Amino acid sequence: MEKKKVLVTATNYSRLCAAGKKLLEEHGCEIIENPFGRPMTFSELQEFAPQADAVVAGVDDWNSSIFSLTPRLKAICRFGVGVDNINLEDASKANIKVTNAAGMNANAVAELTIGLLISAMRNIPQLYQTTQQGQWDRFVGDELINRKVGLLGFGNIARCVAKKLMGFDVDVSTYDKYPNLEAARALNVTICDKEEILRTSDVVILLLPSLKETYHFMNDDAFSMMKPGSYFINTARGALVDEAALYRALTSGRLSGAAIDVYEAEPTQKGNPLFTLDNVITTPHTAAETYKTYHDIGLLTAQAILDVFNGREPKNLLN
């Protein structure tokens, strides 16, 4: 009997997802790993995807153009939460089940979000560089205590961020189209509209999903509403932010600083104007990347694939 083939486009799979890989192999699956160490391009997927029965997907694009080449494909299990890179309608038409790892990376992303915020307010990366260069560049930064923090979005990650922020003695408010009122009460978080969050917050943290209606959610108009001297953090998705508008907000003095983990174009290019600014901290879409997250999601996606192969409904089925 021919082995089922599982294409893994998420990176570092053998090194960080040994338990998940072992589970699949114990059930007779052959693993084909992404050899590039980055999201796979369309031409690369054209080469690898046609032989796959299932995919553990990173942030590569999956749509009808690929599905027309993958007659064997039965499941795409997103190694993460956001599925804006997977066309669910096209997948359904091709009888491909799509799952994600909702909630599995919330703590990891929340921790990096807090880390980026503090780094932006205290200019930690630049101080690290100048100190190692033998300079003694002191920096007078801002503190979080008694500040107002606004969360745009109130899903699993945002609620985890809110819980962690409580230890900093801050006032937390949130905007969400469908807010979890019970969670807001439990965390002492105030529900507000988008405009109030932008106008009154000392820190705005973007944690919304990437949807058609949230594309460029933060644009010139939104940044112009923000409190002068405030900070902006994005660990959600790059498509939510008009990067040119963010650049203008940072260079005009509207914002004191920003920290971003996600970008409109990924992988990033050296010429991105944001990278020329001293008041921007950047990381390469790495918020979810911890050993625990890889281990847990590795097992979750492996089990989801086995469930699909055996006619069972997988956890976190999206279509």
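Thresholds, definitions, all that
Residues numbered from 1 in each chain as written. Predicted model: local features only at pLDDT ≥ 70, side-chain atom pairs only at ≥ 80, totals over all residues. Heavy atoms only, no water. Helix = DSSP H or I, 4+ residues; strand = E, 2+ residues; numbered from the N terminus. Rg over C-alpha atoms; globule rule 2.2 N^0.38 Å. Buried < 20%, exposed > 50% of the residue type's maximum accessible area, 1.4 Å probe, protein only. Contact = heavy atoms within 4.5 Å. Areas by Shrake-Rupley, 256 points an atom, 1.4 Å probe, with all protein chains shown as cover. Lys, Arg positive; Asp, Glu negative; His and termini not counted. Charge placed at Lys NZ, Arg CZ, Asp CG, Glu CD. Polar contact = N/O pair within 3.5 Å; in protein donor to acceptor, adjacent residues only side chain to side chain. Salt bridge = Lys/Arg side-chain N within 4 Å of Asp/Glu carboxyl O. Axes fitted to C-alpha atoms, helices over the stretch in contact; angles between N-to-C directions. Parallel < 35°, antiparallel > 145°, perpendicular 65-115°, else oblique. Left-handed = near helix turned anticlockwise from the far one by under 90°. Nonpolar A, V, L, I, M, F, W, Y, C, P; charged D, E, K, R; others polar. UniProt positions renumbered as here; feature names shortened; annotations may be inferred. Pairing = 2+ DSSP bridges.

### Let's talk about the overall build of the protein
A tally of regular secondary structure across the protein gives 13 helices and 12 strands. Relative to a compact globule of 319 residues, whose C-alpha radius of gyration would be 20 Å, the protein shows 21 Å and is just as compact. Counting the 319 residues in the protein, one finds 48% classified as buried. In the protein, once contacts between residues fewer than 6 apart in sequence are set aside, the share between residues at least 24 apart is 60%. If you sum the accessible surface of the protein, you get close to 15,500 Å²; carbon and sulfur atoms cover 50% of it. Positive and negative side-chain charges in the protein, numbering 32 and 38 respectively, have mean positions lying 4 Å apart.

### Regarding the environment of Leu88
By the secondary structure assignment, Leu88 is in helix 5 (residues 88-93). Taking the relative accessible area as the measure of exposure, Leu88 reaches 27% and is therefore partly exposed. Sequence separation between Leu88 and Ala236 is 148 residues, and the spatial gap between their C-alpha atoms is 20 Å. In this view, Leu88 contacts Val83, Val98, Leu318 and Asn319; residues no more than four positions away in its chain are not counted.

### Notes on the side chain of Thr301
Residue position: Thr301 is located in helix 13 (residues 291-309). Only 3.2 Å separates the side chain of Thr301 from the backbone oxygen of Gly298, close enough to count as a polar contact. When neighbours within four sequence positions are excluded, Thr301 is seen to be in contact with Val56, Cys77, Arg78 and Phe79.

### A look at the pattern of salt bridges
When the charged atoms of two side chains lie near each other, side chains of opposite charge can form a pair. Summed over all chains, the structure comprises 16 salt bridges. Between Asp84 and Arg237 there is a salt bridge whose closest N-O contact spans 3.1 Å. Here Asp84, found in the loop between strand 4 (75-78) and helix 5, pairs with Arg237, found in the loop between strand 10 (230-234) and helix 12 (243-251); they are 153 residues apart in sequence, far enough to count as distant. For Arg237, a relative accessible area of 15% puts it in the buried group.

### Some details on the environment of Ile191
Its place among the elements puts Ile191 in strand 8 (residues 190-191). Look at Ile191 and you get partly exposed, because its relative accessible area is 34%. Here the alpha-carbon distance between Ile191 and Asn234, two residues 43 residues apart in the chain, equals 20 Å. With residues near it in sequence (within four places) discarded, Ile191 still touches Thr174, Pro179, Leu181 and Ala184.

### Structural notes on the packing of helix 2 (residues 18-26) against helix 13
Closest axis-to-axis distance for the helix 2/helix 13 pair is 7 Å, and the angle between their directions is 20°. With respect to helix 13, the element helix 2 is oriented roughly parallel. Of the two elements, helix 2 crosses helix 13, and the hand of that crossing is right-handed. Here Ala19, Gly20, Leu23 and Leu24 of helix 2 come into contact with helix 13, specifically with His295, Gly298, Leu299, Ala302, Gln303, Ile305 and Leu306. Class assignment of the residues belonging to the contact of helix 2 with helix 13 gives a composition of seven nonpolar, four polar and no charged.

### Some points on the UniProt feature "domain: D-isomer specific 2-hydroxyacid dehydrogenase NAD-binding" (unreviewed entry) in the protein
If you check UniProt for "domain: D-isomer specific 2-hydroxyacid dehydrogenase NAD-binding" (unreviewed entry), the listed places come out as residues 114-287 in our numbering. End C-alpha to end C-alpha, residues 114-287 measures 11 Å, and it is 33% helix and 17% strand.

### As for the sheet that holds strand 7 (residues 171-175)
Here seven strands make up an open sheet; going across it, the order is 8-7-6-9-10-11-12 and the pairing parallel. The open sheet has two edge strands with one neighbour each: strand 8 and strand 12 (280-282). Sheet topology places strand 6 (residues 148-152) next to strand 9 (residues 203-206); four bridges connect them, and they run parallel. Along strand 9, the bridge assignment pairs Leu152 with Leu206.

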